[in-house]
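Each chain is listed here by its residues.
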Amino acid sequence: MKMDIELITTLFRTSIRMATPILLASLGGALTYHAGIINVAMEGLMLISAFFSVVFSYLTGSAFYGIIAGVVASMLISLLYSVFVSFLKANNFAIGFAINILISSLTLFLMRVMFQGKNAFNSPDIAPIMELKINTENYFLDNYLLNFSILTYLSIAIAFLLAYIIYKTSFGLRLRVCGEMPQALTAAGIKVGVIQLWASILCGGLCGLAGAQLSLYNVRMFSRDMTGGRGFVALAAILISGGKPKRVLFISLLFGVFDALSIKLQNEKIAPQFALMLPYIMSVVVLLLFHLKMRKQFGKA
């Protein structure tokens, strides 16, 4: 019985840890989704943040400066993405994939230059993101509510904040109209590109937090393409949820559970390749079920 409780606790804590970067990236992508942009560059935004978060955390000995560096790097790349998509009217999928490839190559090049040809870098001098360290001596509180990364609590707060901003504020109204009926904004004298620009910058900031969480808390290192498709998992969460922040929160937690199960299965007598595939298989299955449900609803209409 005690072993079962410990197993459940381990799976729960791992699920929360793995869900946090997906949640942060999904919330950022939800902003651009409502602005009329399906952001496929989130993978690259998370990766560039993960790299600079590790570098500056290592150089300064401060996780705070690492997070700031990661967020700034991600926002700059997101700004570049928005210029091409919102103002130059380039295809967002083409630019998004181009940025992902660019960041993958750039981070590998910089790492090999800075850290003597390595494909991965870790060091005890990399300062990790702090946890909310509170010991109440209550097993449930200490393991299920407390002692997680500060970015985990921040991500949950951001989910509810964005739900309010998107549906209860004038900026949120403009954001939604930007995606649903951009002609109305243009008629009102509001530039669609400016709204999309701000959405992309905010998306970059949240993807920056996601990358920092991944490299300064989840694994405390940087390795080649370490995001491992999480940007596309975040995109799946956005499409399934319709960009609604509270639904994004739930779906991100679900994907976190799949990630935790894949880690657990790697320790069992199961092919490790299958275990690593599990989160992405489930993403495809969930997207397929969502698509079939939408087709059924449209068929009834």
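What this report covers is the structure whose coordinates are included nearby. (Residues numbered from 1 in each chain as written. Predicted model: local features only at pLDDT ≥ 70, side-chain atom pairs only at ≥ 80, totals over all residues. Heavy atoms only, no water.)

**Observations regarding the overall build of the protein**
Counting secondary structure elements, the protein contains twelve helices and two strands. Beginning at the N terminus, the succession of helices and strands in the protein can be written as α-α-α-α-β-α-α-α-α-α-β-α-α-α. For the protein, the C-alpha radius of gyration of 20 Å lies close to 19 Å, the compact-globule estimate for 301 residues. Overall, the protein is about 60 × 50 × 40 Å in size when its C-alpha atoms are taken along their principal axes. Taking as baseline every contact in the protein between residues at least 6 positions apart, the subset at least 24 positions apart corresponds to 74%. Surface exposure of the protein reaches about 15100 Å², of which carbon and sulfur atoms provide 69%. The averaged location of the 11 negative side-chain charges in the protein is 14 Å from the averaged location of its 23 positive side-chain charges. (Helix = DSSP H or I, 4+ residues; strand = E, 2+ residues; numbered from the N terminus. Rg over C-alpha atoms; globule rule 2.2 N^0.38 Å. Contact = heavy atoms within 4.5 Å. Areas by Shrake-Rupley, 256 points an atom, 1.4 Å probe, with all protein chains shown as cover. Lys, Arg positive; Asp, Glu negative; His and termini not counted. Charge placed at Lys NZ, Arg CZ, Asp CG, Glu CD.)

**Considerations on the pattern of salt bridges**
All chains considered together, the criterion is met by one salt bridge. Of the charged contacts in the structure, one is a salt bridge between Glu131 and Lys133, with a shortest N-O distance of 3.3 Å. Using a relative accessible area of 23% as the deciding quantity, one classes Glu131 as partly exposed. A residue is classified by how much of its surface remains accessible, and Lys133, at 66% relative accessible area, is exposed. (Salt bridge = Lys/Arg side-chain N within 4 Å of Asp/Glu carboxyl O. Buried < 20%, exposed > 50% of the residue type's maximum accessible area, 1.4 Å probe, protein only.)

**Some thoughts on helix H9 (residues 192-218)**
Under the 1.5 Å per step criterion, the end-to-end length of H9 is 37 Å for 27 residues, consistent within 8% with the ideal 39 Å. The buried fraction of H9 is high, at 24 of 27 residues. (Expected span 1.5 Å × (residues − 1).)

**Quick word on the packing of helix H10 (residues 230-241) against helix H11 (residues 245-266)**
In contact at an axis separation of 9 Å, H10 and H11 are set at 140° when each is read in the N-to-C sense. Classified by the angle their axes make, H10 and H11 are oblique. Every pair of crossing elements has a handedness; the one defined by H10 and H11 is right-handed. Packed against H10, whose contacting residues are Arg230, Val233, Ala236, Ala237, Ile240 and Ser241, the element H11 presents Arg247, Val248, Ile251, Ser252, Phe255 and Asp259 at the interface. (Axes fitted to C-alpha atoms, helices over the stretch in contact; angles between N-to-C directions. Parallel < 35°, antiparallel > 145°, perpendicular 65-115°, else oblique. Left-handed = near helix turned anticlockwise from the far one by under 90°.)

**Observations regarding the packing of aromatic side chains**
Following the criterion strictly, the structure yields 13 aromatic pairs and no others. Between the aromatic rings of Phe51 and Phe52, the centroid separation amounts to 5.1 Å while the plane-to-plane angle is 85°, which identifies the pairing as edge-to-face. When the ring of Phe64 is compared with that of Tyr65, the centres are 5.7 Å apart and the planes differ by 65°; the resulting orientation is edge-to-face. One aromatic cluster is present, built from ring pairs that chain together Phe12, Phe140, Tyr144, Phe148 and Tyr153. Above the face of the Phe148 ring, Arg13 is positioned so that its terminal group lies 4.3 Å from the ring centre. (Phe/Tyr/Trp six-rings, centres within 6.5 Å; stacked < 30°, edge-to-face > 60°. Lys NZ or Arg CZ within 6 Å of the ring centre and 35° of its normal.)

**Quick notes on the state of the cysteines**
A full pass over the atoms with the stated rule returns zero disulfides. Free of any disulfide, Cys178 has its nearest neighbouring cysteine sulfur in Cys203, separated by 14 Å. Relative accessible area serves as the criterion here: at 3%, Cys178 is assigned to the buried category. We note that Cys203 lacks a disulfide partner, and the nearest cysteine sulfur, in Cys207, lies 4.0 Å from it. Relative accessible area serves as the criterion here: at 0%, Cys203 is assigned to the buried category. (Disulfide = S-S within 2.5 Å.)

**Side note on the packing of helix H2 (residues 42-60) against helix H3 (residues 63-87)**
In the contact formed by H2 and H3, the axes pass within 7 Å of each other and the chain directions differ by 150°. On the basis of their axis angle, the class for H2 and H3 is roughly antiparallel. Two packed elements cross with a definite hand, and for H2 against H3 that hand is right-handed. Here Leu45, Ile48, Ser49, Phe52, Ser53, Phe56, Ser57 and Thr60 of H2 lie close against H3, whose contacting residues are Ala63, Tyr65, Gly66, Ile67, Ala69, Gly70, Val71, Ala73, Ser74, Ile77 and Ser78. Taken together, the residues that form the contact of H2 with H3 break down as eleven nonpolar, eight polar and no charged. (Nonpolar A, V, L, I, M, F, W, Y, C, P; charged D, E, K, R; others polar.)

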